[in-house]
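# Descriptive structure summary
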Amino acid sequence: NVTKASNMYLDIWKTDGDTDGVIWAVASSGLVKVYPSEKPSIKVKPEIILTKFTVNNQEQAFQQQKLNLKYFQNNLFFQLAVPSFFDEKKIEFSYMLEAEGQAGSWTELSSVSEMSFLNLSPGHYKLMVRSVFLNGKYEPLQTGYPFTIMFPWWQTWWFRIIIGLSIIG
């Protein structure tokens, strides 16, 4: 905590720690001794965050509850991140797109955290994403993003019933 943010303006030349966790520093104004914190360390578990979501090349907010897209909003782009306080280049991603009634398959692990889906058919989908930490600091994570692409009005059941009754009539 020897920084300008804590109003300590010291030029530190050399630091070293002892077996008790005390940090010793040689500074421009003399010797600095920093004792270890008595507060318990907070265990932070990273999580997969959706950083960018675009529909037909227009960025939008992703509603986690129930995302209903129109039939022509079928070109989707997802960008993810997993802030972890470690080398984030050593995080790999895999994804699976589950369509209604059809199980998907996981892609190979890759450092690419972006995925695109072009010309999706109407239906219910769930994008499953998992991340693996190659440094072994955290357990693999997994999350899902459900969404629906609605059928066009002329392919809905109520429109077909109206046409059928019209033809019969």
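Check the entry above for the structure.
Residues numbered from 1 in each chain as written. Predicted model: local features only at pLDDT ≥ 70, side-chain atom pairs only at ≥ 80, totals over all residues. Heavy atoms only, no water.

## Structural notes on the packing of aromatic side chains
Think of a pair of aromatic rings as described by two things: how far the centres are apart, and how the planes are tilted against each other in angle. Considering all chains together, one arrives at 7 aromatic pairs under this definition. Taking the centre distance of 5.8 Å and the plane angle of 90° together, the rings of Tyr95 and Phe117 count as edge-to-face. A residue pair is termed long-range when its members are at least 10 positions apart, and Tyr95 in strand β8 (residues 91-99) and Phe117 in strand β9 (residues 114-117) qualify at 22 residues. Ring centres 5.2 Å apart and planes at 65° place the aromatic pair Phe133 and Tyr138 in the edge-to-face group. Both residues of the pair, Phe133 and Tyr138, belong to the buried class. Cation over ring: Arg130 sits above Trp106, and NZ or CZ is 4.1 Å from the ring centre. (Phe/Tyr/Trp six-rings, centres within 6.5 Å; stacked < 30°, edge-to-face > 60°. Helix = DSSP H or I, 4+ residues; strand = E, 2+ residues; numbered from the N terminus. Buried < 20%, exposed > 50% of the residue type's maximum accessible area, 1.4 Å probe, protein only. Lys NZ or Arg CZ within 6 Å of the ring centre and 35° of its normal.)

## What about unusual backbone geometry?
Backbone geometry places Asn57, a non-glycine residue, at a positive phi of 65°. Among the secondary structure elements, Asn57 is positioned in the loop between β4 (49-55) and β5 (58-59). Of note in the backbone geometry, Asn119 takes a positive phi value of approximately 55° without being a glycine.

## Points about the sheet that holds strand β2 (residues 23-27)
One open sheet accounts for 3 strands, arranged β1-β2-β3; its pairing is antiparallel. Both edges of this open sheet fall to β1 (12-17) and β3 (30-34), since each of them pairs with a single strand only. Each strand axis lies, on average, 20° off the axis of its neighbour in the sheet, ignoring direction. Pairing of β2 with β3 involves 5 bridges; the strand directions are antiparallel. Looking across to β3, one finds that Trp24 is bridged to Lys33. (Pairing = 2+ DSSP bridges. Axes fitted to C-alpha atoms, helices over the stretch in contact; angles between N-to-C directions.)

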